[in-house]
Amino acid sequence: FISLTTGTTRFVDRTYYRDMMQRCNEEGIRLLQIFEDEWLNKSKIIKDKCKYTLGLTESTKTIYARNCYVEEITKPQKRDFLNKNHIQGNDAAQILLGLWYKVEDEEYLVAVMTLCKPRIFMGMKNSLYDYELSRFATCINYSVIGAFSKIFAYFKKHYEWNKLVTYADRRLSNGNLYLKNGFINDH
């Protein structure tokens, strides 16, 4: 079930959308909540997310992370990739990791993960975590199997850290990717 929220929606209680999601979860319904501006300005990303969630990926090209390599990328590479492939677009992260797929003599950036020092908001304090996983995205219209775990393994091997935090936008994700990779749902 997909809910599209327009700017002309009647006034609702501040917990209306959270409560709607909870009711859907209780009924076993996967709800995607999309804002009107996202539909208008990021429609390719939204449509790709909907196709993936609904299992309509037969036209999606599959790439296996085992056939790729990880390396740090530049700020312009990160900016361009995230603006094309992540609903929130670019970020200000300091650690920029890319997954590259090589075909003959061409190399393609197929996934990006960014990490930064924790931002102070939502009740979090800098001292609790070493890093915040800020963004993860794969190319739209591609299924990059194992991309998250391969890039995350690179980060764990090459950076010193004890605790890491990230967030799942529950409007579009249930956070299972994080749980499958060793994260614990704190709240």
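In what follows, the structure referred to is the one given above.
This one's a predicted model, so the numbers in the text were calculated from it and none came from an experiment.

**Quick word on the nonpolar core**
Alright, step 1. In terms of nonpolar packing, the biggest core is built from 37 residues, with L97, L99, L115 and F155 touching the most fellow members.
Alright, step 2. Breaking this core down by element, the ones donating at least two residues are β4 (68-72), α4 (75-85), β5 (95-103), β6 (106-116), β7 (131-138) and α5 (147-158).
Alright, step 3. The element that contributes the greatest number of residues to this core is β6, accounting for seven residues.
Alright, step 4. Not counting chain neighbours up to four residues away, the residues in contact with F155 comprise I95, L97, L115, Y131, W161 and L164.
Alright, step 5. Counting eight residues, the second-largest nonpolar core is a separate cluster that includes L32, I34, I45 and L172.

**A look at the pattern of salt bridges**
Alright, step 1. The tally for this structure, following the rule as stated, stands at three salt bridges.
Alright, step 2. K78 is the salt-bridge partner of D91, the closest N and O atoms lying 3.2 Å from each other. Here D91 is found in the loop between α4 and β5, whereas its partner K78 is found in helix α4, with 13 residues between them in sequence.
Alright, step 3. Given a relative accessible area of 12%, D91 falls into the buried group.
Alright, step 4. As a salt-bridge pair, R79 and D80 come within 3.4 Å of each other at their nearest N and O atoms.

**Observations concerning the sheet that holds β7**
Alright, step 1. Taken in spatial order, the five strands of this open sheet run β4-β5-β6-β7-β9, and their pairing is mixed. Among the strands making up the open sheet, the edge pair consists of β4 and β9 (164-166). Here the strands of the sheet are splayed against their neighbours by 30° on average, with no regard to which way each runs.

**Digging into the side chain of N85**
Alright, step 1. Its location among the elements puts N85 in helix α4.
Alright, step 2. Overall, the relative accessible area of 11% leaves N85 in the buried class.
Alright, step 3. A polar contact is formed between the side chain of N85 and the backbone oxygen of F81, at a distance of 2.9 Å.
Alright, step 4. Only 2.9 Å separates the side chain of N85 from the backbone nitrogen of I140, close enough to count as a polar contact.

What counts, and at which threshold
Residues numbered from 1 in each chain as written. Predicted model: local features only at pLDDT ≥ 70, side-chain atom pairs only at ≥ 80, totals over all residues. Heavy atoms only, no water. Core = buried A, V, L, I, M, F, W, Y, C linked by side-chain atoms within 4.5 Å. Buried < 20%, exposed > 50% of the residue type's maximum accessible area, 1.4 Å probe, protein only. Helix = DSSP H or I, 4+ residues; strand = E, 2+ residues; numbered from the N terminus. Contact = heavy atoms within 4.5 Å. Salt bridge = Lys/Arg side-chain N within 4 Å of Asp/Glu carboxyl O. Pairing = 2+ DSSP bridges. Axes fitted to C-alpha atoms, helices over the stretch in contact; angles between N-to-C directions. Polar contact = N/O pair within 3.5 Å; in protein donor to acceptor, adjacent residues only side chain to side chain.

Purely geometric numbers; function is a separate question.
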